[in-house]
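# Coordinate analysis (summary)
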Amino acid sequence: MMKFNPNDVSLVDRGAEARTDELLKSYEESSYNWMPGMDGLLRISKSSLGSHGFCPLKYKFSYIYRLPSEESEAMVRGTNVHNIVEYFWNHVDDVLDEVLTLIADDKKHVAKEKLFSVIPSPPTPYELGEQVVIEKWFDWQWNRLLITEGKHWKPIGNEVSAHARMEIEVDGENIPVHLRGFIDTVFSDGDGGSILMELKTGKWNMKKAKSMREEMQFYRLMLEEGGYADYLPVTHWAWEFPNGTANGGVKAEWEIEQLGTRKTSYAPKTVMRNLVKLVRSHLKDEFEPAPYAAKCEWCDFMELCPAWGGGMENAET
Ligand code: SF4
């Protein structure tokens, strides 16, 4: 599958990028396969927490045994699109003044082409529909530029590297953990606060809002616990699904929600509950399978899963 990354450094090669020595030390001491009795502390990312929620046993295969998963088309498509979005925001200043002048002169067609010229083309055409997704995403940014006239249009953070160390109370015991992640983009809310934005390249359905709120709350928690004052308070979160109609999805759309409303206020408790469940699994070494045919068919570890008659004797060595 064709992969294209025009950025100087990929996310995986960016290293820790911790803001303080304390956070760097905590990160270096942390690991996904930490178990009681080991030095250090448990590392948790949005993906590892989501994986544990999906199926604790699948989480164990991926994060504790470190068994590799097959790279899917969806993963490559997502990475290719994210690479372009990251590049676009890092380089849009090269043309932004000119684009705004063209818009002011009512030369919108030329302005739009100029803005689109920031997006580099891969050496060979995309193979997984990335171009359509990128163009949809670009159209949304173009429309926002027309409406905002450039004010608070650009993010204040692009692939923000975030860390936090905190304690999770599990059955009366405080267990230290290290939270780690990259936040796609952070925008100013224009009033001293920030808006977290997540880009997804999968399908959209109505059930997604709940899981999106929980993902965004994880980011918010990292920023708050990690002391990222320049992005606080987080007043809104948002998500964009430019490929939302794929695979039976219902819409390609972006949504924004204000925090502190009835719709969003359950998320902190839910995320904390999920963190407690994850840490408790490590403390007790209990990672039960959560079989469900529709999701297990996507799992790389079915042959190893006792829920489907498998076992570790089938593991490749
Ligand atoms: S096959 Fe299903 S139950 Fe088994 S590990 Fe994978 S997701 Fe979990």
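To start, this report covers the structure provided alongside it. As the structure is a prediction and not an experimental result, all values here were calculated from the model. (Residues numbered from 1 in each chain as written. Predicted model: local features only at pLDDT ≥ 70, side-chain atom pairs only at ≥ 80, totals over all residues.)

### Section: the site of the ligand
In the vicinity of the ligand there are 14 residues, among which Cys55, Pro289, Cys296, Cys299 and Cys305 approach most closely. Among the secondary structure elements, those contributing two or more residues to the shell around the ligand are helix H3 (56-64) and helix H10 (293-296). Of the residues assigned to the shell around the ligand, the class counts are twelve nonpolar, no polar and two charged. (Near = placed C-beta within 6 Å. Helix = DSSP H or I, 4+ residues; strand = E, 2+ residues; numbered from the N terminus. Nonpolar A, V, L, I, M, F, W, Y, C, P; charged D, E, K, R; others polar.)

### Structural notes on the packing of helix H4 (residues 73-91) against helix H7 (residues 130-148)
It is the contact of H4 with H7, at a shortest axis distance of 10 Å, that shows an interaxial angle of 40 degrees. Our classification of the angle between H4 and H7 gives oblique. Between H4 and H7 lies a crossing whose hand is right-handed. Within the contact between the two elements, H4 uses Arg77, Asn80, Val81, Ile84 and Val85 and H7 uses Glu130, Val133, Ile134 and Trp137. Split into classes, the residues belonging to the contact of H4 with H7 amount to six nonpolar, one polar and two charged. (Axes fitted to C-alpha atoms, helices over the stretch in contact; angles between N-to-C directions. Parallel < 35°, antiparallel > 145°, perpendicular 65-115°, else oblique. Left-handed = near helix turned anticlockwise from the far one by under 90°. Contact = placed C-beta atoms within 7 Å.)

### Describing helix H2 (residues 46-54)
Of the residues making up H2, those classed as buried are Lys46, Leu49 and His52. Each buried residue of H2 sits inside an arc of 130 degrees when the element is viewed along its axis, so together they form one side. Considering only its buried residues, H2 is in contact with strand E2 (41-45), H3, strand E4 (173-188), helix H8 (208-226) and helix H9 (267-284). (Buried ≥ 20, exposed ≤ 12 C-beta atoms within 10 Å, placed from the backbone. Arc of directions from axis to C-beta.)

### What about the nonpolar core?
Core analysis: the biggest nonpolar cluster contains 36 residues, and Ile44, Ala162, Leu196, Tyr219, Met222 and Leu223 have the highest contact counts within it. For this core, the element with the highest residue contribution is H8, accounting for seven residues. Of all hydrophobic cores here, the second largest spans nine residues; its members include Cys55, Tyr63, Cys299 and Cys305. (Core = buried A, V, L, I, M, F, W, Y, C linked by C-beta atoms within 7 Å.)

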